[in-house]
Amino acid sequence: MSANEKKMPGTGLEDIGVPGQMFLRDALTSCTDPLKAIEEFQLENGILLPSLRQMLPLLDLHGVRRLDFHTSVMEEIRERLIQHINDIGQKEGRERDKKLKELLSKSFPLVKVKPLRPVVMAILRNTTHIDDKYLRVLVSRPVVMAILRNTTHIDDKYLRVLVRDRDLYNDTDTEVKRQIWKDNQSLFGDEVSPLLSQYIKEKENVLFDHNNLTNLFFTPSPKLRRQGDVVQKLAHMIGNSVKLYDMVLQFLRTLFLRTRNVHYCTLRAELLMALHDLEVQDIISVDPCHKFTWCLDACIREKNVDIKRSRELQGFLDSIKRGQEQVLGDLSMTLCDPYAINFLATSAMKILQHLINNEGLPRENTILILLLRMLALGLSAWVMIDSQEFKEPKLDSQVVTKFLPALMSLIVDDQVRSLNSKLPPDERESAITIIEHSGPPPDACQAYVQESSVASIIAMYYTLQTAKQRDRIGLMRVLGTLATCDSDRAFEDPFLHFLISLLIHMGDEFSTEDFCTVIFDEFFYAGISRENVVRHMLKLLWYVYPKLSSTRLHAIMKVLQPNAQHNDAVHSLYKQLTEKIGSEQEPPAIPENLDYLESPLMSVPTPAPIS
């Protein structure tokens, strides 16, 4: 027998007067007849019921092992005992605590017996405080986490022991880890980091999916999105701990600052609303962004900014007092969420159409001004957090007085041209003279798209509108302008994802060189140094390459050829596309009905101005 085996501790049965493995080992090493020693051990320690003793030989004849028989009896008794303990736990008063304390005292040594451990756990689950004398034993055992997982309070000195022992730490449930994480941010970060990476990967999988055209980024409702595994796991890890919630928010701010990835902003909003759904009052009552995020979430869910909601949102922004400006950092992250940007921009486009129909001016619509104000705050999130200067950016008045009127004139021009093209030939001559190939957008449009992120976003969403209407001329007029938009907003994934989905449905247009010149030469090539632009272009070619001339296709494929700096996904997709083109396979079928491309926010009702 090895030295390690000699040092092997008992199971705890000896501690309650029941011979266990230590007793059996000593008996076998000191006896002259091992088989007789085993038989005596079984006789003395089996189920002490005379009526059952007579049944054991019968069970032997049927091939039922003694171990299986005793295990089944033990399991049945164990379940009944656990139910009895839970019944005691439902009661209140000193008598309940006294009974649980007595049970714990008698059963605690059996914690080292794995089949009986659930009994001890059941007692601890119903116990509000564990005596130090038990904890002193537990911290030296690998099974400590199985016991502590149901404890509401653990002394810090024991938690420090648990942190140092990785086996103990890994064996515990979230309820215990929460107590450890509160004073160990790095350890909590190790637990959270894989979830955050998984969340980003899931978002990118949707944005870059080239096989499923109906897998659209903006389609899921806010309620559905926050039911995702990562958000729910994070909410469970946080529980009702304000400290852990603050840690997660700090992780999200740091990662957003380091990567500029807007999906961290989405997660910040979704996590808060998930805790709202779970009614974790300890957290939502102290998060200063809760009411604003809740109101914005309701607007997105209802696809509308009505007068009441607009007043609530505006009132919250106006109520931020001196000394509370740091709240703007989290508010800007909430508004930087692509789903929030999508809602604000589509709502603004609806209002602009309403103003066109009623010959109104943008500066007269206070809800539009509020939407633009929130857009400006959301688009300044990274700069604000990076500089730590928490001051709401002032909306450029000329965006309202010059850019939007210029864009409205462009919209009217496109609408008149589209209407004129549908008239009979003889009536076209009597209509307003329309140049079939309209010129570039007004100078004000181009200038402000280059200087203002708010103007860029509005122009981008008008571009999506022209693509949705399959207005090739309208699209060609405005898309090239976006190549120079402020902060390269037009090369961000949510916009490109939606744009590519719409362009795929304009496949026939790619057979014309003027259309390809605008799409590729004027727009996409301006962002070709960005890996994400390459991936979106590969997705577009996956569906439209048969429409392209051989010269154009060859030139694009040469430009898109990945290098060592591109990741494996780009190399793989490029290789698949090359093989697809070489084998002259037919591109995947494209649904004729565009309804599935309808953003859930495209049908936002036009709100009335605030009186």
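These figures come from a predicted structure and were not determined experimentally.

Cut-offs applied
Residues numbered from 1 in each chain as written. Predicted model: local features only at pLDDT ≥ 70, side-chain atom pairs only at ≥ 80, totals over all residues. Heavy atoms only, no water. Helix = DSSP H or I, 4+ residues; strand = E, 2+ residues; numbered from the N terminus. Buried < 20%, exposed > 50% of the residue type's maximum accessible area, 1.4 Å probe, protein only. Areas by Shrake-Rupley, 256 points an atom, 1.4 Å probe, with all protein chains shown as cover. 1 Å grid on protein atoms, 1.4 Å probe; cavity = no way out; pocket = protein on both sides within 12 Å on 5 of 7 lines; lining within 4 Å. Points joined across faces, edges and corners; volume = space filled by probe spheres on them. Nonpolar A, V, L, I, M, F, W, Y, C, P; charged D, E, K, R; others polar. Phe/Tyr/Trp six-rings, centres within 6.5 Å; stacked < 30°, edge-to-face > 60°. Salt bridge = Lys/Arg side-chain N within 4 Å of Asp/Glu carboxyl O. Expected span 1.5 Å × (residues − 1). Contact = heavy atoms within 4.5 Å. Patch = residues over 30% accessible without salt bridge, like charges linked within 9 Å, V, L, I, M, F, W, Y side chains within 5 Å. Lys, Arg positive; Asp, Glu negative; His and termini not counted. Charge placed at Lys NZ, Arg CZ, Asp CG, Glu CD. Core = buried A, V, L, I, M, F, W, Y, C linked by side-chain atoms within 4.5 Å. Axes fitted to C-alpha atoms, helices over the stretch in contact; angles between N-to-C directions. Parallel < 35°, antiparallel > 145°, perpendicular 65-115°, else oblique. Left-handed = near helix turned anticlockwise from the far one by under 90°. Polar contact = N/O pair within 3.5 Å; in protein donor to acceptor, adjacent residues only side chain to side chain. pLDDT = per-residue confidence, 0-100.

Undergrad: Describe the overall build of the protein, naming the residues involved and giving the relevant values.
TA: The helix and strand tally for the protein stands at 35 helices and zero strands. Sorting the 611 residues of the protein into buried and exposed places 48% on the buried side. When the accessible surface of the protein is split by element, carbon and sulfur atoms take 52% of a total near 30,800 Å².

Undergrad: I'd love a proper account of empty space enclosed by the protein, names of residues and values included.
TA: In this structure the tally under the stated criterion is four cavities of 30 Å³ or more. For the largest cavity, the calculated volume is near 180 Å³. If you list the elements that add at least two residues to the lining of the largest cavity, you get α23 (338-357), α29 (453-468) and α31 (493-504). Tallying contributions element by element places α29 first for the lining of the largest cavity, with four residues. Its residues assigned to classes, the lining of the largest cavity shows 13 nonpolar, no polar and two charged. Of the pockets and cavities examined, the second largest cavity occupies roughly 120 Å³.

Undergrad: Mind laying out the packing of aromatic side chains, listing which residues take part and the relevant values?
TA: All chains considered together, the criterion is met by twelve aromatic pairs. Where Phe 292 meets Phe 316, the ring centres are 5.5 Å apart and the plane angle is 45 degrees; that geometry is what we call tilted. Of this pair, Phe 292 sits in helix α20 (residues 290-302) while Phe 316 sits in helix α21 (residues 307-318); the two residues are 24 residues apart in sequence, bridging distant segments of the chain. A relative accessible area of 1% means that Phe 292 is categorised as buried.

Undergrad: So, the pattern of salt bridges: which residues are in play, and what are the values?
TA: One pass over the structure, following the stated rule, counts 28 salt bridges. Lys 203 serves as the salt-bridge partner of Glu 270, at 3.9 Å between the closest nitrogen and oxygen. One end of the pair, Glu 270, is in helix α18 (residues 263-277); the other, Lys 203, is in helix α14 (residues 185-208), with 67 residues separating them in the sequence. The same class applies to Glu 270 as to Lys 203, namely buried. The partner of Glu 312 in a salt bridge is Arg 309, with the nearest N and O atoms 3.7 Å apart. Placement of the pair is Glu 312 and Arg 309 together in helix α21, with a separation of three residues, close to one helical turn. For Glu 312, a relative accessible area of 35% puts it in the partly exposed group. Ionic contacts of the salt-bridge type, sharing partners, join the residues Lys 223, Arg 226, Asp 277, Asp 297, Arg 301, Glu 302, Arg 309 and Glu 312 into one network.

Undergrad: Report on the layout of surface pockets, specifying residues and quantitative values.
TA: Quantified by volume, the second largest pocket comes out at close to 610 Å³. Considering the residues around the second largest pocket, the lining is formed by 26 residues, among which Thr 259, Arg 260, Asn 261, Glu 492 and Arg 530 are closest to the centre. Those elements that place two or more of their residues in the lining of the second largest pocket are α14, α17 (242-259), α24 (366-379), α25 (381-387), α31 and α33 (531-544). Residues of the lining of the second largest pocket, tallied by class, amount to ten nonpolar, seven polar and nine charged.

Undergrad: Can you tell me about α31, naming the residues and giving the values?
TA: Count 3.6 residues to each turn of an α-helix, and residues three or four apart come out pointing the same way. Here α31 is twelve residues long and its end C-alpha atoms lie 16 Å apart, about the 16 Å a rise of 1.5 Å per residue gives. α31 sits mainly inside the fold: twelve of its twelve residues count as buried. Turning to α31, its buried residues are Asp 493, Pro 494, Phe 495, Leu 496, His 497, Phe 498, Leu 499, Ile 500, Ser 501, Leu 502, Leu 503 and Ile 504. Looking at the buried positions of α31, the neighbouring elements they touch are α14, α23, α29, α30 (472-479), α32 (513-523) and α33.

Undergrad: Got a sec to walk through a negative patch on the surface? Specific residues and values, please.
TA: Together, Asp 33, Glu 39, Glu 40 and Glu 44 line one region of the surface with negative charge. Residue placement: Glu 44 occurs in helix α3 (residues 34-45).

Undergrad: Run through the nonpolar core, naming residues and quoting values.
TA: Formed by 110 residues in total, the largest nonpolar core has its most connected members in Phe 403, Ile 458, Leu 503, Phe 510, Phe 520, Phe 523 and Phe 524. Here the element with the most residues in this core is α23; it accounts for twelve residues. Judged by nonpolar contacts, the second largest core, of 40 residues, contains Ile 180, Tyr 264, Leu 272 and Val 280.

Undergrad: Give a description of the packing of α29 against α30 that names residues and reports values.
TA: A packed helix pair is summarised by two numbers, namely the angle formed by the two axes and the spacing between the axes. Remark: α29 packs on α30, axes separated minimally by 8 Å, with the N-to-C direction vectors making an angle of 160 degrees. Classified by the angle between their axes, α29 and α30 sit roughly antiparallel to one another. Considering how the two elements wind past one another, α29 and α30 form a crossing that is left-handed. Contacts between α29 and α30 involve Ala 459, Thr 463, Thr 466 and Ala 467 from the former and Gly 474, Leu 475, Val 478 and Leu 479 from the latter. In terms of residue class, the contact of α29 with α30 is made up of five nonpolar, three polar and no charged.

Undergrad: Hey, could you go over the environment of Thr 463 for me, with residue numbers and the actual values?
TA: Tracing the chain through its elements places Thr 463 in helix α29. For Thr 463, a relative accessible area of 0% corresponds to the buried category. Residues Thr 463 and Val 478, spaced 15 residues apart in sequence, show a C-alpha to C-alpha distance of 6.4 Å. Ignoring sequence-local partners within four residues, the contact set of Thr 463 consists of Leu 475, Val 478, Leu 479 and Leu 482. In terms of polar contacts, Thr 463 uses its side chain to reach the backbone carbonyl oxygen of Ala 459, at 2.9 Å.

Undergrad: If you had to explain the confidence of the model for the protein to someone new, which residues and values would you point to?
TA: Per-residue pLDDT for the protein averages 82, and the proportion of residues at 70 or more is 81%. Between the elements of the protein, mean pLDDT differs from a low of 40, seen in helix α1 (residues 3-6), to a high of 96, seen in α18. When the criterion is pLDDT under 50, residues 1-9 qualifies, and its contacts beyond four places in sequence or with other chains add up to ten contacts. Ignoring residues within four places in sequence, the model shows residues 137-151, a span with pLDDT below 50, making 51 contacts including any to other chains.

Undergrad: Could you give an account of unusual backbone geometry, naming the residues involved and the relevant values?
TA: Despite not being glycine, Glu 359 has its phi angle at roughly 55 degrees, a positive value. With respect to the helices and strands, the residue Glu 359 is situated in the loop between α23 and α24. Residues other than glycine seldom take positive phi values, yet Gln 388 does so here, at roughly 60 degrees. As for its position among the elements, Gln 388 is in the loop between α25 and α26 (397-421). A relative accessible area of 47% means that Gln 388 is categorised as partly exposed.

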